[in-house]
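Next come the chains, spelled out residue by residue.
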Amino acid sequence: MTTRVALVTGGTGGIGTAICKKLAQMGHKVATNYRNEEKARAWQQQMKAEGFDVALAAGDVTDPEQAAAVIKEVESQLGPIDILINNAGITRDTTFHRMSTLQWTDVISTNLNSVFNMTRPVIEGMRERKWGRIIQISSINGLKGQYGQANYAAAKAGMHGFTISLARENAKLGITVNTVSPGYVATDMVMAVPEEVRAKIAADIPTGRLGKPEEIAYAVAFLVDDQASWITGSNLDINGGHHMGW
Ligand code: NDP
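The shown structure was predicted, so the numbers you read here are calculated from the model rather than taken from an experiment. (Residues numbered from 1 in each chain as written. Predicted model: local features only at pLDDT ≥ 70, side-chain atom pairs only at ≥ 80, totals over all residues.)

**Focus on the overall build of the chain**
Helices and strands together make up the secondary structure of the chain, namely nine helices and seven strands. Taken over the C-alpha trace, the chain has a radius of gyration of 17 Å; the compact-globule value for 246 residues is 18 Å, and the two agree within 12%. With the principal axes as the frame, the chain shows a C-alpha extent of 45 × 40 × 35 Å. Evaluated residue by residue, the chain yields a buried proportion of 43% over its 246 residues. Counting only contacts in the chain whose residues sit at least 6 apart along the sequence, the fraction spanning at least 24 positions is 73%. (Helix = DSSP H or I, 4+ residues; strand = E, 2+ residues; numbered from the N terminus. Rg over C-alpha atoms; globule rule 2.2 N^0.38 Å. Buried ≥ 20, exposed ≤ 12 C-beta atoms within 10 Å, placed from the backbone. Contact = placed C-beta atoms within 7 Å.)

Put into structure tokens, the structure is as follows:
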């Protein structure tokens, strides 16, 4: 296997941490961005204690200049980025008739504009080197919609349009572009939901439980692999059967 350089946005979060570990286990050089230095350094130490070396670069994905600085910093530490996992995300849930402009723009900026901000500075290098893997972490709710998540569902659905267009533009250049759409996974994002709501969600999932971050990381590893070179413009649903069909 060729060792590549991978950048996972939001790598310090629940799913991001699992993706960083999985890519490192595959033998890749891994980096993530952060906003809070103290929190990120503590996370990096914890990763080190578990045997994972992950480089850090400061930057908020909603800001194009900071995003470009993250790319520059990672490339100066590890080399050109071959693998980009657009994973950073937030929720600001409320029904649409109560939604503020800020709740809308925060979610669109973090979940969708970030994808432009992070991908734009790496795509030309991937095209020149004729190899790349770009994966958006979307959501089950970007496919089926969700009560109280018009902002989040719009951003996540937007990722799919981006993915299938970028996949077409770069298919002949050894670059694959895909989305992974998790169902409900037991991370801070979902643990913030009241317990009784979580229990109801779990009861609705055919497997009867929430997903684990490692189960999402496994799908990312599959799409990153050299052997996945003919999988592009695809969406991989990982949701315990919570949303099936086309
Ligand atoms: P977490 O809240 O655990 O982690 C989110 C990560 O994103 C954190 O590292 C956070 O950093 C980072 N982040 C958020 N905003 C920014 C920003 N503006 N700039 C830089 N980094 C930022 O979430 P999950 O691990 O659960 O989610 C990861 C992805 O998976 C998200 O895109 C989410 O929408 C998606 N997803 C999650 C599901 C779930 O059930 N958990 C289901 C479906 C999709 P910081 O520490 O600075 O806040």
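Following the structure, the description resumes.
**Remarks on the packing of helix 1 (residues 14-25) against helix 9 (residues 213-224)**
Where helix 1 contacts helix 9, the axes come no closer than 8 Å and their chain directions differ by 45°. As the angle between them shows, helix 1 and helix 9 are arranged oblique. Relative to helix 9, helix 1 is oriented so that their crossing is right-handed. Facing helix 1, whose interface residues are Gly14, Ile15, Thr17, Ala18, Ile19, Lys21, Lys22 and Leu23, helix 9 presents Pro213, Glu214, Ile216, Ala217, Tyr218, Val220, Ala221 and Val224. Here the residues of the contact of helix 1 with helix 9 sort into 11 nonpolar, two polar and three charged. (Axes fitted to C-alpha atoms, helices over the stretch in contact; angles between N-to-C directions. Parallel < 35°, antiparallel > 145°, perpendicular 65-115°, else oblique. Left-handed = near helix turned anticlockwise from the far one by under 90°. Nonpolar A, V, L, I, M, F, W, Y, C, P; charged D, E, K, R; others polar.)

**Quick word on the pairing of strand 4 (residues 83-86)**
Alternating positions in strand 4 separate into two faces, Ile83 and Ile85 on one and Leu84 and Asn86 on the other, with burial throughout. In this structure, strand 1 (residues 5-8) lies alongside strand 4, joined through three bridges in parallel fashion. Looking across to strand 4, one finds that Ala6 is bridged to Ile83. As paired strands, strand 4 and strand 5 (residues 132-137) are joined by four bridges and run parallel to one another. Looking at the pairing, Asn86 lines up with Gln136 of strand 5. On the question of chirality, the crossover connecting strand 4 to the parallel strand 5 by way of helix 4 (residues 101-129) is right-handed. (Pairing = 2+ DSSP bridges. Right-handed = clockwise from strand over helix to strand, strands pointing away.)

**Focus on the site of the ligand**
Neighbouring the ligand are 26 residues, the closest being Gly10, Gly13, Ile15, Gly89 and Thr187. Every element with two or more residues in the shell around the ligand is listed here: helix 1 and helix 7 (188-191). Among the residues forming the shell around the ligand, the class breakdown is 10 nonpolar, 13 polar and three charged. (Near = placed C-beta within 6 Å.)

**What to know about the confidence of the model for the chain**
Per-residue pLDDT for the chain has a mean of 97; in total, 100% of the residues score no lower than 70. At the level of individual helices and strands, the chain shows its lowest average pLDDT in helix 7, which scores 87, and its highest in strand 4, which scores 99. Taken together, the chains of this predicted complex give a pTM of 0.98 and an interface ipTM of 0.99. (pLDDT = per-residue confidence, 0-100.)

**Considerations on the sheet that holds strand 4**
Strand order in this open sheet of seven strands is 3-2-1-4-5-6-7, and the pairing throughout is parallel. In this open sheet, the two edge strands, each paired with only one partner strand, are strand 3 (54-58) and strand 7 (235-238). Across the sheet, the mean angle from the axis of one strand to that of its neighbour is 20°, orientation sign disregarded. Against the sheet, helix 3 (residues 64-78) makes contact with strand 1, strand 2 (29-34) and strand 3, and its axis sits at roughly 145° relative to strand 3, the strand it touches most.

**Quick look at unusual backbone geometry**
Phi at Lys130 is positive, roughly 60°, even though this residue is not glycine. By the element assignment, Lys130 lies in the loop between helix 4 and strand 5.

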